[in-house]
Amino acid sequence: MGKVDQEEAAKTTLNALFAKKNEKLSAAMERTSDWIFSQEIPSDVTVHVGEVSFSLHKYPLVSKSGYIRKLVSGASDTDLCAIEIHDIPGGAEAFELASNFCYGINFEIGIENISMLRCAAEYLEMTEDYAAGNLVTRTEAYLNDIALKSLSGAVTVLHLAENLIPMAEKIKLVSRCIDTIVHMACKDNQFSLLGKTENGNASSVPQPKPIVHWWSEDLTVLRIDIFQRVITTMMTKGFKQYELGPILMLYAQKSFRGLDIFGKGRKKIEPKQEHEKRVVLETIVALLPVEKSTMSVSFLSMLLRASIFLETTVACRLDLEKRIGEQLGQAVLDDLLIPSYSFTGDTLFDVDTVQRIMMNYLEYGMNGTEFDDGYVSPLPSDMERVGKLMESYLAEVASDRNLTVSRFISLAELIPEQARITEDGIYRAVDIYLKAHPTLSDMERKKVCSLMDCQKLSRGACAHAAQNERLPVQTVVQVLYYEQQRLREGMGGESPASRMGGESPATRMGGESPAPPRKVNIYSADNHQPSDELSRLQKENDQLKLELAKLKMRLKESERQTGGDSVSAMSTPPQSSNKPPLPKKSFINNVSKKLGRLVRVDILKPPARTRPAKDRRHSIS
């Protein structure tokens, strides 16, 4: 009995010793977190990470980091050595967290530091070969179980990994994040389209107003090269192009915020920042959807202003001009009022850019008759809107004193005749131009006034033009003559001129009477000219006008390249005090004018009487 008691007492004592030993071990493990700050055990290694130095101990580091183990084993001084680490991903902050892990110091792994910890662990070779449950394993578990389980988490990890390349590329952290983002984005997009199908609102035609996904704002934090990779991968995975519009708009608005693209002052931007924004803009333009009308004209105009302001490549600007030209019927006046950022005494607005946009619109209308490629010729209503838009633009820029006669005329000649129902808009622009340029010669005023067809002026415009002292006498005579013809046709009797001996007002004033154009009624049985022939002639006339405008623009660019001295001397003869300068004539001008007289809009439709608006303003006076 005593022997049993002795054994039990021994067991109790042994258990107490073991418990006390375990307590000491636990306390020792707790004290390991204070080794880095302990004064009892001096540090035996100094690690320099950039400009920051860490006084540490060899054993905790070499027990978990294969990289440091190799450096320490290769050092000659075994008592104290210094280690230089300059290119660790994440810098001193990442190394401090990794060293804390080696010492057993608790810290929290989160979305904000997981990219840095994963790359630092790979750099320091903190794998399972040196310790179980090492930092590489711990960070991988967090990425797979938490960070990459949501789209916002994957975007945050990818954004923080942008400055950790190439290590982040080596461990495929960037590609894994991109795959997660694309998979969830495409899944959300398919779910949205499925919901539309169930509601009966989905169709095979691209939606005119795509929805803005909830995750679009998250992608705007990405760097432009990473953002481009994400968008490109989304397109390869079947993401619809027209759905990319809102994403690109959000990214562009955030990137160009604060950029003074609507002002007319000098640039206030650093060269480095200007280069970064230029790269962003060129990349966004390259990512724009090919499908028409997926981006608004206002957004494209904003990109074009930024392209001119940042001086991007010519291809980038031409691409934007072509896109705006294809959707010109949806534009408003503010979209075309692009400031001229040159400070050489040029025009206030960039007239050349708008001229190229209009030429793209006309070329698109001629070549866009094929339905296989998704192009459709501009409808008459669309062309009428474009005509009114260009007339408003002409009236807006006409008050610029630096706008030359040739540039004003070349811009006005691009407006198709079928887009001009009346000549009131052209007359208003001409009147504003004559008032803003009072020093024009008689020949120049005649050239400007030749842009409008006096026969198509409304009654209110005719009444104003008849009393307009800025117009040449010949133009006023034409206005009065055609107004007499209109009154005679309305009354159904003879004109006052015929009752006075057949002389028109122009003949009585000593000028030649303008012969009225021959009007053809296409609904009459006497008209034997087929309608397809008229269409062919009208198309040839428009093509000749377009070619003429292109030749003028090429001549203007060649003048700018060569200094403009020799070309100006050859194209414009010196003015003499005795003789007024003669207008320049060319073969293309003659052919275009003859075809223009041959093919008139009046012969394509019966004359209609329109009641002018009472509040219509025809002049700035």
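These numbers come from a predicted model, not from an experiment.

*Asks:* Explanation requested: the pairing of strand S1 (residues 45–49) in the structure shown.
*Replies:* A regular strand places its side chains so that they alternate between the two faces of the sheet. The element S1 is extensively covered by neighbouring structure, given that four of its five residues are classed as buried. Both S1 and strand S2 (residues 52–56) contribute to a ladder of five bridges, which runs antiparallel. Bridged to Val 45 within S2 is Leu 56. The turn joining S1 and S2, which pair antiparallel and follow one another in sequence, is formed by two residues; a positive phi near 65 degrees is taken by Gly 50. Pairing geometry for S1 and strand S3 (residues 81–85), over five bridges, is parallel. By the bridge assignment for S3, Val 45 is matched with Cys 81.

*Asks:* I keep staring at the nonpolar core and nothing clicks. Help me out?
*Replies:* Proteins that are soluble and globular tend to have nonpolar side chains buried together. Core analysis: the biggest nonpolar cluster contains 151 residues, and Val 47, Phe 95, Phe 227, Met 234, Phe 256 and Phe 408 have the highest contact counts within it. Counting residues per element, this core draws most heavily on helix H14 (residues 297–310), which supplies 10 residues. Apart from the residues lying within four places of it in its own chain, the contact partners of Phe 408 are Leu 394, Ala 398, Leu 403, Ala 429, Val 430, Tyr 433, Val 448 and Leu 451.

*Asks:* What is the right way to look at the pattern of salt bridges in this model?
*Replies:* Two side chains with opposite charge may pair up if their charged atoms get near one another. Considering all chains together, one arrives at 16 salt bridges under this definition. Linking Arg 459 and Glu 483 is a salt bridge whose minimum nitrogen-to-oxygen distance equals 3.4 Å. Taken together, the positions of Arg 459 in helix H22 (residues 459–466) and Glu 483 in helix H23 (residues 473–491) put the pair 24 residues apart, joining distant regions of the chain. Assessed through its relative accessible area of 39%, Arg 459 is described here as partly exposed. With a relative accessible area of 17%, Glu 483 lands in the buried category. Ionic contacts of the salt-bridge type, sharing partners, join the residues Arg 118, Glu 122, Glu 140 and Arg 176 into one network.

*Asks:* Would you take a moment to explain the state of the cysteines for this structure?
*Replies:* On inspection of all chains with the given rule, the structure shows zero disulfides. As a non-bridged cysteine, Cys 454 has Cys 462 as the owner of its nearest cysteine sulfur, 7.7 Å distant.

*Asks:* I'm lost on the sheet that holds S3 in this one. Help?
*Replies:* One key point about sheets: their strands pair by backbone hydrogen bonds, in either a parallel or an antiparallel sense. With mixed pairing, three strands are arranged side by side in an open sheet as S2-S1-S3. Edge positions in the sheet fall to S2 and S3, since each has one partner strand and no second. The average angle at which neighbouring strand axes cross in this sheet is 20 degrees, direction not considered.

*Asks:* What is the right way to read the packing of helix H4 (residues 91–103) against helix H5 (residues 114–123) from this model?
*Replies:* Between two packed helices, what matters for the description is the angle formed by their axes and the separation of those axes. At a minimum axis separation of 9 Å, H4 and H5 run at an interaxial angle of 75 degrees. The orientation of H4 relative to H5 falls into the category roughly perpendicular. Contacts between H4 and H5 involve Glu 93, Ala 94 and Leu 97 on the former and, on the latter, Met 116, Leu 117 and Ala 120.

*Asks:* Please clarify how the environment of Tyr 142 should be interpreted in this entry.
*Replies:* Tracing the backbone through its elements, the reader meets Tyr 142 in helix H6 (residues 135–145). You can call Tyr 142 buried: its relative accessible area is 16%. For Tyr 142, the residues in contact, after removing those within four places along its chain, are Ile 109, Gly 110, Ile 111, Ile 114 and Ala 147. In this structure the side chain of Tyr 142 is engaged in a polar contact, spanning 3.4 Å, whose partner is the backbone nitrogen of Ile 111.

Thresholds, definitions, all that
- Residues numbered from 1 in each chain as written.
- Predicted model: local features only at pLDDT ≥ 70, side-chain atom pairs only at ≥ 80, totals over all residues.
- Heavy atoms only, no water.
- Buried < 20%, exposed > 50% of the residue type's maximum accessible area, 1.4 Å probe, protein only.
- Helix = DSSP H or I, 4+ residues; strand = E, 2+ residues; numbered from the N terminus.
- Pairing = 2+ DSSP bridges.
- Core = buried A, V, L, I, M, F, W, Y, C linked by side-chain atoms within 4.5 Å.
- Contact = heavy atoms within 4.5 Å.
- Salt bridge = Lys/Arg side-chain N within 4 Å of Asp/Glu carboxyl O.
- Disulfide = S-S within 2.5 Å.
- Axes fitted to C-alpha atoms, helices over the stretch in contact; angles between N-to-C directions.
- Parallel < 35°, antiparallel > 145°, perpendicular 65-115°, else oblique.
- Polar contact = N/O pair within 3.5 Å; in protein donor to acceptor, adjacent residues only side chain to side chain.

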